[in-house]
Amino acid sequence: MSTVPAARPDPDPRDVKRWRRYLADEQAEAAVYRDLASRRSGEEREILLALADAEGRHEAHWRALLGDHVGKPLRGDIRTRILGFLARRFGSVFVLALAQRAETRSPYPNDADATASMGADEKIHEEVVRALATRGRNRLSGTFRAAVFGANDGLVSNLALVLGISGSGVSNQIVLITGMAGLLAGALSMGAGEYVSVRSQRELLEASNPGPAASEAVGLLDVDANELSLVYRARGMSAEEADQRAAEVLANSTFGAADVVDDHEAVGTGLGAAAASFCFFASGAIIPVLPYLFGLEGMTALIVASVLVGIALLTTGVVVGLLSGGPPFKRALRQLAIGYGAAGATYLLGMLFGTSL
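Nothing here was measured: the structure is a model prediction, and the numbers come from that model.

**Student:** Just give me the short version of the nonpolar core, but keep the residues and values in it.
**Tutor:** A general feature of soluble globular proteins is that nonpolar side chains tend to end up buried together. By size, the foremost hydrophobic cluster in this structure holds 16 residues, and its most contacted members are Leu155, Leu159, Leu163, Ile287, Tyr292, Val309 and Leu313. For this core, the elements supplying multiple residues, two or more each, are α5 (116-167), α12 (298-324) and α13 (328-356). Of all the elements, α12 adds the most residues to this core, at six residues. In this view, Leu313 contacts Asn152, Leu155, Val156, Ala332, Gln335, Leu336 and Gly339; residues no more than four positions away in its chain are not counted. Of all hydrophobic cores here, the second largest spans 13 residues; its members include Tyr33, Leu48, Ala99 and Ala133.

**Student:** Provide a residue-level description of the side chain of Gln335, including the pertinent values.
**Tutor:** Here Gln335 shows up in helix α13. Here the side chain of Gln335 touches Asn152 through a polar contact of 3.2 Å, side chain to side chain. Contacts of Gln335, omitting those with residues within four sequence positions, involve Asn152, Leu313, Thr316 and Gly317.

**Student:** Tell me about the pattern of salt bridges, residues and numbers included.
**Tutor:** Taken as a whole and assessed by the stated rule, the structure comprises seven salt bridges. Here Arg18 makes a salt bridge to Asp113, at a shortest N to O gap of 2.4 Å. Here Asp113 lies in the loop between α4 (93-103) and α5 and Arg18 lies in helix α1 (residues 13-38), a separation of 95 residues in the sequence. Judged by relative accessible area, which is 13%, Asp113 ranks as buried. Across the pair Glu126 and Arg130 runs a salt bridge whose closest N-O atoms are separated by 2.8 Å.

The rules behind these values
Residues numbered from 1 in each chain as written. Predicted model: local features only at pLDDT ≥ 70, side-chain atom pairs only at ≥ 80, totals over all residues. Heavy atoms only, no water. Core = buried A, V, L, I, M, F, W, Y, C linked by side-chain atoms within 4.5 Å. Buried < 20%, exposed > 50% of the residue type's maximum accessible area, 1.4 Å probe, protein only. Helix = DSSP H or I, 4+ residues; strand = E, 2+ residues; numbered from the N terminus. Contact = heavy atoms within 4.5 Å. Polar contact = N/O pair within 3.5 Å; in protein donor to acceptor, adjacent residues only side chain to side chain. Salt bridge = Lys/Arg side-chain N within 4 Å of Asp/Glu carboxyl O.

Limitation: the analysis is restricted to geometry and does not speak to function.
In structure tokens form, the structure reads like this:
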């Protein structure tokens, strides 16, 4: 249990400066959690408010150490202020992912003036925020996957197509027609593939649900033989667990789809997934074609297309990094390197093909 420290009568000015910074950061972090809580309800709201209370206890520690040296309130560091701005206006999983990374940067474990429990608190806060962020990631995983991978495929594949055909030395009109054909072909292919994938997934899930005839047969089972326990053993339960579950079902006659654990949360519909994939791919694939649509030609059009796609790749990389809890700029540079690598290779092949012709 943490105790409130006594104020030091004549602290070092450098210590005062550091403590005041910690105090400001704790106040800002508590405000972030309260703002996030205001956009949630139920258990998540209670958890976020509890985190805010914990930051308040840390704030009390530094305030007690400072004593009369508290001075005028400082503002939190720039990253915490940005996080607070986002929390007040969005409160999304992106903000939770940023908060998770912020908790990893706590200096308390290496600061002699912070208690051991304060350093432990920050490590546990990271895991709490990670769990909350994971909930959000799971809720949007299907949409996020379709958006990021669809747009990224459109960006890379159509940039590679446009650069490859441009490298062969054909006219701008042919480049534009080829780019638009690539957009439509790729978007239709993505939409069709996603439709088949989701429909197949839903059919597999339906095949895993108990049939209605099994539910009707429960009341006629031999209680002593208890064949129903074999069903639960086949689903992975131990013999003891299966016997216990079967006894409960026989007593209540509740055998049915509720007994099946669905690991595919919110699969969605085939048409919805197909439409989303079509739109996301097309939104990415249109970017390399924009310079040609606006009348740019030659190397100017190629450079503008490459820059626009580069910005878009960096953006998708940052989004992936934030949602995965990893370093966003590293992910962004990785996306950029992969995209430019594929497009550059296709451009060189186009030049070689054009020269041979």
